[in-house]
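# Coordinate inspection notes
Residue strings, one per chain:
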Amino acid sequence: MTAAQGPGGDRRRGVPAATYRLQIHAGFTLDDAAEVTGYLADLGVTHAYSSPLLRSAEGSTHGYDTVDHAHIDEARGGREAFDRFVAALHEHGLGLVLDLVPNHMGVADPAAAPWWWDVLQHGQQSAHASAFDIDWEFGGGKVRIPVLGSADDVEKLEVVDGELRYYDNRFPIAPGTDGGTPQEVHARQHYELVDWRRADSDLNYRRFFAINTLAGLRVEDPAIFDATHELVLQLVRDGAVDGLRIDHPDGLADPRGYLDRLAEASGGRWTVVEKILEPGEELPEGWATAGTTGYDALTEVDRVLVDPAGEPAMTALDTELAGGPVDYAELVRRCKREVTDGMLGSEVARLVRVIGELPGVDRAQQTEALAELLATFAVYRSYLPDGREHLDAAVTAVRERRPDLTPAVDALYPVLSQAGSEAATRFEQTSGPVMAKGVEDSAYYRWPRFVALNEVGGDPAHFGGTVEEFHAAQEHRLAVKPLAMTTLSTHDTKRSEDVRARLAVLAELPSEWAALVRGWLARHPLADRPLAHLVWQNLIGAWPLSRERAHAYVEKAAREAGTSTTWTDPVQEFEEQLHALADAAFDDPTTTAEIEAFVARIAPLGWSNSLTQKLLQLTMPGVPDVYQGTELYDFSLVDPDNRRPVDYALRRRLLADLDNGTVPAVDGSGAAKLLVTSRVLRARRDTPELFSGYAPVQVTGSAAECVVAYDRGSADQAGVVVVATRLPARLAENGWGDTALKLPTGAWRDLLTGERVVSDVAGVAADVLLARLPVALLVRD
């Protein structure tokens, strides 16, 4: 019996007990992944969970820019390396969950994307014209491609080797159109090369968000579905792929229909969707999916670690730095309007064209009303008739806020509420990108009150949570989505789990933090004071980090915020001041000493939070995922920082030490986190029956608020009891006192330390149970 099989037999074809996310790219190929399969089995997962593997754009480090659905990407090792990887997984009893990208494909290099090349060469007569979501009429029968540095750059076009060239960009020439000057040849093509600035207003193909080089696909067409899924489904039938993760279902015209078709074609394989749910939102009933990829679970865990008592002081500091109170809801609306009026203006304009003329409403009013509705939409999208209440709420809100738009809104409402119509569908496909770019990539960078909360799927306005709220969320999770994925870190999180765990301590020490920030701002002033606060929080959260990482982060953060500099129009003077601030963290002796002293104080408290959040996520209802490397402490910031190489040799060595009986200290090595991760994963793999229910465990005494405890058993099956520390700064000041857990009487064994404790009528004292580690995983002894 292999390590990954356990007493329940080979789990590959069923629901994973746990997954481990691997980012496969040219620097970490499928053969490299094959080398770590033995380690993954020893760690305790049942499935590797791979980033996209189909042929992608040259140099792609993420794989979400597929250019050819018929091949495994050669830079990642190709089909032969894929087969070796799968063989290695199977040798260790592991399965494979594959990330799949149905919404779009990469078109940065047309010559590398055969379908796109053919469409550009043959236009609407191309065999692949229907694969892409192109408004041919608006383009005058041409696809508009925003690559020119200016409109005048059309004079720089050349004809070389039967192709149209613009610097290194290659484009096909339609048959019989290659005579004359390059400009005359260009004028005869089925595409028009235009100034890149026109992407905001004049594009005529659907994109992924505002990325011009990712063109939307029409997988709602069964023929397109079949062509784009043929290889992956063959891998499923062959037993090479055992589960699927679906990227960005919100971009699809018909997510429900897509998932139904996929479930039928895959034989009902375990499938999760990368769907961002707003707090309190649920997936539509009846979707053929086990659930989401876990950002909702991440939010539940993060909230219980954050002390709500810190909100007034953190808000006061934010108000001081911003020059007045920040209305976050209004900030979000304004950020989303910048998106509708800017980078996604082409999508809004297409929606206006699809709707057409409305009685008594001119085009300007219609455009403004649509933009306001999109900016007011409270969730990423609806799936009519599911989610109709969100459209209703947006309509009501816009009527109240903009009575001048009431005629336009009233005219739009019946059009946008007609399920399945092109207008309603395109509105749904547009609201998600508006939310993502306006909130995740803008508002999250503009409101730094407490950046630990500014995470994908979270709500920065909701400051922390209670143990009771956490228990209620888990009981609900068990009832409605027990097989959904849970996570703490992904390739898309704004900060890794351990950065957030350390930053959570600031909510317990808000006055001390405010004093430090005021001193740093006085010593190293920046005109954009909220951005400076964001920078200091992130530097503290990731410290120590290299100067290069710090500079890369602050530049990206400032440009995403867009308040003082932008990606398309960088302000050199401001960015020089910003980089000087980052340098001060390393070069100013007083500032460096203060940073290091403060980090030295809060780091152990952050380690405690890290162990707690890992234990909660791995034991809560659902299928836990471990993002690569996060079985040890990982203090990463936003991508690409969170895609750095993982030291698997170190992890193997530490795991071997643990298996030889070492009970690690809670220190900077992260071995305690590896202990928690491996012991929980092995328990979930080998004894899944211990994780069948959920019930809160009563905690009494002076520090009862500092404990999260629950029993994963059910009425007819004993389970593991999870005990975890929260609010470690408060606990360090006041101690456990008379705090006790009301466990059933009898003997218990901690799977983490091996120690035995006995519960009597008074329960088990917290200071006894948590003497060695701030967490415990108990089973009946």
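All residue numbers refer to positions counted from 1 along the written sequence of the respective chain. Whole-chain, interface and lining totals are the exception, using all residues; otherwise, since this is a predicted model, local features are given only for residues with pLDDT of at least 70 and side-chain atom pairs are given and counted only at 80 or more. Side-chain numbers come from the whole structure's heavy atoms, not from hydrogens or water.

## Concerning the overall build of the protein chain
Worth spelling out the cut-off: Secondary structure follows DSSP: runs of H or I at least 4 residues long count as helices, runs of E at least 2 residues long count as strands, and numbering of each begins at the N terminus. As a reference, a globule follows 2.2 Å times the number of residues to the power 0.38, and the radius of gyration itself is taken over C-alpha atoms. Each residue is placed in one exposure class: buried if its accessible area under a 1.4 Å probe, protein chains only, is under 20% of its type's maximum, exposed if it is over 50%, and partly exposed if it falls in between.
Looking only at helices and strands, the protein chain has 26 helices and 27 strands in total. Computed over its C-alpha atoms, the radius of gyration of the protein chain comes to 27 Å, within 12% of the 28 Å expected for a compact globule of 781 residues. Projected onto its principal axes, the C-alpha coordinates of the protein chain cover approximately 90 × 60 × 55 Å. Evaluated residue by residue, the protein chain yields a buried proportion of 62% over its 781 residues.

## Overview of helix α4 (residues 114–122)
Of all nine residues in α4, seven are buried, a share of seventy percent or more. Taken together, the buried positions of α4 are occupied by Trp115, Trp116, Trp117, Asp118, Val119, Leu120 and Gln121. Positive backbone phi, at 60°, marks Gly123, one or two positions downstream of α4.

## Quick notes on the pattern of salt bridges
As a reminder, the rule being used: Any carboxyl oxygen of Asp or Glu that lies within 4 Å of a side-chain nitrogen of Lys or Arg is treated as forming a salt bridge with it.
In the structure shown here, the tally under the stated rule is 70 salt bridges. Close ionic contact of Asp392 with Arg388 constitutes a salt bridge, the shortest N to O distance being 3.1 Å. In this pair, Asp392 and Arg388 are both assigned in helix α13 (residues 388–401), four residues apart and thus about one turn of the helix distant. Each member of the salt-bridge network shares a partner with another, and the members are Glu330, Arg333, Arg337, Asp341, Glu368, Glu372, Arg401, Arg402 and Asp404.

## Brief notes about the sheet that holds strand β13 (residues 211–216)
Quick note on the threshold: For two strands to be treated as a pair, DSSP must find no fewer than two bridges joining them.
Spatially, three strands are ordered β6-β13-β12 in an open sheet, and the strand pairing comes out antiparallel. Either end of the sheet is taken by a strand with one partner, and the two such strands are β6 (104–106) and β12 (207–208). Note: β12 against β13, two bridges, orientation antiparallel. Within β13, the residue paired with Phe208 across the bridge is Ile211.

## Things to note about the pairing of strand β7 (residues 143–148)
The element β7 is largely enclosed, with a buried count of five among its six residues. In the sheet, β7 pairs with strand β11 (residues 191–195) via five bridges, with the strands oriented parallel. The partner of Val143 across the bridge, within β11, is Tyr191.

## Observations concerning helix α18 (residues 510–523)
In plain terms, the rule: To estimate how far a helix should reach, multiply one less than its number of residues by 1.5 Å. Of all possible arcs, the one meant is that of the directions from the helix axis to the C-beta atoms. For this analysis, residues touch if any pair of their heavy atoms sits within 4.5 Å.
Counted at 1.5 Å a residue, the expected span for α18 with its 14 residues is 20 Å, and the 20 Å between its end C-alpha atoms agrees. Along α18, the residues classified as buried are Pro510, Trp513, Ala514, Leu516, Val517, Trp520 and Leu521. Axial view of α18: buried residues confined to an arc of 165°, hence all on one face. Exposed side of α18, more than 90 degrees from the buried face: Ser511 and Ala522 are the residues found there. Here the buried face of α18 lies against α9 (311–322), α19 (529–542) and α22 (589–619).

## Brief notes about the side chain of Asp641
Its place among the elements puts Asp641 in the loop between β18 (623–627) and α23 (648–659). Overall, Asp641 belongs to the buried group, its relative accessible area being 11%. Leave out the neighbours within four places in its chain, and Asp641 touches Arg549, Phe635 and Ser636.

## What to know about the environment of Ile246
Positionally, Ile246 belongs in strand β14 (residues 243–246). In this structure Ile246 comes out as buried when scored by relative accessible area, which is 0%. Along the sequence, Ile246 and Pro664 sit 418 residues apart, while their C-alpha atoms lie 38 Å from each other. Leaving out residues up to four positions away in the same chain, Ile246 has contacts with Leu100, Pro102, Tyr258, Leu259, Leu262, Thr271, Val272, Val273 and Glu274.

## Regarding empty space enclosed by the protein
Rules: Space inside and on the surface of the protein is sampled on a 1 Å grid over the protein atoms alone, with a cavity defined as a set of points where a 1.4 Å probe fits but cannot get out and a pocket as an open set with protein on both sides within 12 Å along at least 5 of 7 lines; lining residues have an atom within 4 Å of a point. Grid points are joined across faces, edges and corners, and a volume is the space filled by probe spheres set on the points.
Within the structure shown, the criterion is met by five cavities of 30 Å³ or more. Looking at the largest cavity, its volume works out to about 210 Å³. Lining the largest cavity are 20 residues, and of these Arg206, Arg207, Glu347, Arg426 and Thr430 lie nearest its centre. Within the residue set of the lining of the largest cavity, elements represented by two or more residues are β12, α11 (345–355) and α15 (422–446). At five residues, α11 tops the list of elements feeding residues into the lining of the largest cavity.

## Structural notes on the packing of aromatic side chains
For the record, the criterion: For Phe, Tyr and Trp, rings pair up if their centres lie within 6.5 Å, where Trp contributes its six-membered ring, and each pair is then called stacked (planes under 30 degrees apart), edge-to-face (over 60) or tilted (otherwise).
Per the stated rule, a full pass over the model turns up 21 aromatic pairs. With a centroid separation of 6.0 Å and an interplanar angle of 35°, the aromatic rings of Phe28 and Tyr648 are classed as tilted. Of this pair, Phe28 sits in the loop between β1 (19–22) and α1 (30–35) while Tyr648 sits in helix α23, placing them 620 residues apart in sequence. Residue class for Tyr648 comes out buried when judged on its relative accessible area of 7%. Their ring planes at 80° and their centres at 4.8 Å tell us that Trp287 and Tyr383 sit as a pair that is edge-to-face.

## Considering the sheet that holds strand β21 (residues 707–711)
For sheets, the rule is that strands pair by backbone hydrogen bonds, running either parallel or antiparallel. Counted only if it meets this: Orientation is described by lines fitted to C-alpha atoms, with helices fitted over the stretch in contact, and by angles between N-to-C directions that extend from 0 to 180 degrees.
With respect to topology, six strands assemble into an open sheet ordered β19-β21-β22-β27-β24-β25, the strand pairing being antiparallel. If you trace the sheet from one side to the other, it starts and ends with β19 (695–696) and β25 (756–759), each paired once. Strand direction decides the pairing type here: strand β24 (residues 746–750) and β25, joined by four bridges, are antiparallel. Within the sheet, the bridge partner assigned to Trp748 lies in β25 and is Val757. Strand contacts of helix α16 (residues 467–480): β19 and β21, with the helix running at about 30° to β21, the strand carrying the most contacts.

## Details of the side chain of Thr292
For clarity, the threshold we go by: Throughout this description, a polar contact denotes any pair of N or O atoms lying within 3.5 Å of each other; where both atoms belong to protein, one of them has to be capable of donating a hydrogen while the other can accept it, and for residues adjacent in sequence the pair is counted only when both atoms sit in side chains.
Summarising the element assignment, Thr292 is placed in strand β16 (residues 291–292). Within the structure, Thr292 has its side chain in polar contact with the side chain of Asp296 (distance 2.8 Å).

## Here we look at the nonpolar core
Side chains of a nonpolar character, in soluble globular proteins, are inclined to be buried together. Stated formally: Take the buried Ala, Val, Leu, Ile, Met, Phe, Trp, Tyr and Cys residues and link them wherever side-chain atoms come within 4.5 Å; each set so joined is a nonpolar core.
Grouped together as the largest cluster of nonpolar side chains are 175 residues, with contacts concentrated most on Leu22, Phe82, Trp116, Phe132 and Trp513. The element that contributes the greatest number of residues to this core is α22, accounting for 11 residues. Among the nonpolar cores identified, the runner-up in size contains 27 residues, and Val348, Leu358, Leu370 and Phe377 belong to it.

## Quick notes on the packing of α18 against α19
Applied cut-off: Here a crossing is taken to be left-handed if its near helix is turned anticlockwise relative to the far helix by less than a right angle, and right-handed if that turn runs clockwise. Only Asp, Glu, Lys and Arg are considered charged, only Ala, Val, Leu, Ile, Met, Phe, Trp, Tyr, Cys and Pro nonpolar, and every remaining residue, Gly among them, polar.
One way to put it is that α18 packs onto α19 with a least axis distance of 11 Å and a crossing angle of 120°. The two elements α18 and α19 cross, and the hand of that crossing is right-handed. Here α18 contributes Trp513, Val517, Trp520 and Leu521 to the contact with α19, which in turn contributes Arg529, Ala532, His533, Trp536, Gln537 and Ile540. When its residues are assigned to classes, the contact of α18 with α19 shows seven nonpolar, two polar and one charged.

## Considerations on the environment of Asp625
Examined against the element boundaries, Asp625 turns out to sit in strand β18. In this structure, the C-alpha to C-alpha distance between Asp625 and Gly294, residues 331 residues apart in sequence, is 8.6 Å. Setting aside chain neighbours within four positions, we find Asp625 in contact with Thr19, Tyr20, Arg21, Tyr49, Met485, Thr486, Thr487 and Gln617. Within the structure, Asp625 has its side chain in polar contact with the backbone nitrogen of Arg21 (distance 3.3 Å).

## A look at the confidence of the model for the protein chain
Interpretation of the predicted coordinates at a detailed level should be avoided for regions scoring low in pLDDT. Quick reminder of the rule: Note: pLDDT gives the predictor's confidence per residue, expressed from 0 to 100.
Averaged over the protein chain, the pLDDT score is 96; the fraction of residues at 70 or greater is 98%. Low pLDDT, under 50, characterises residues 1–9; the predicted model gives this stretch 17 contacts beyond four residues in sequence or across chains.

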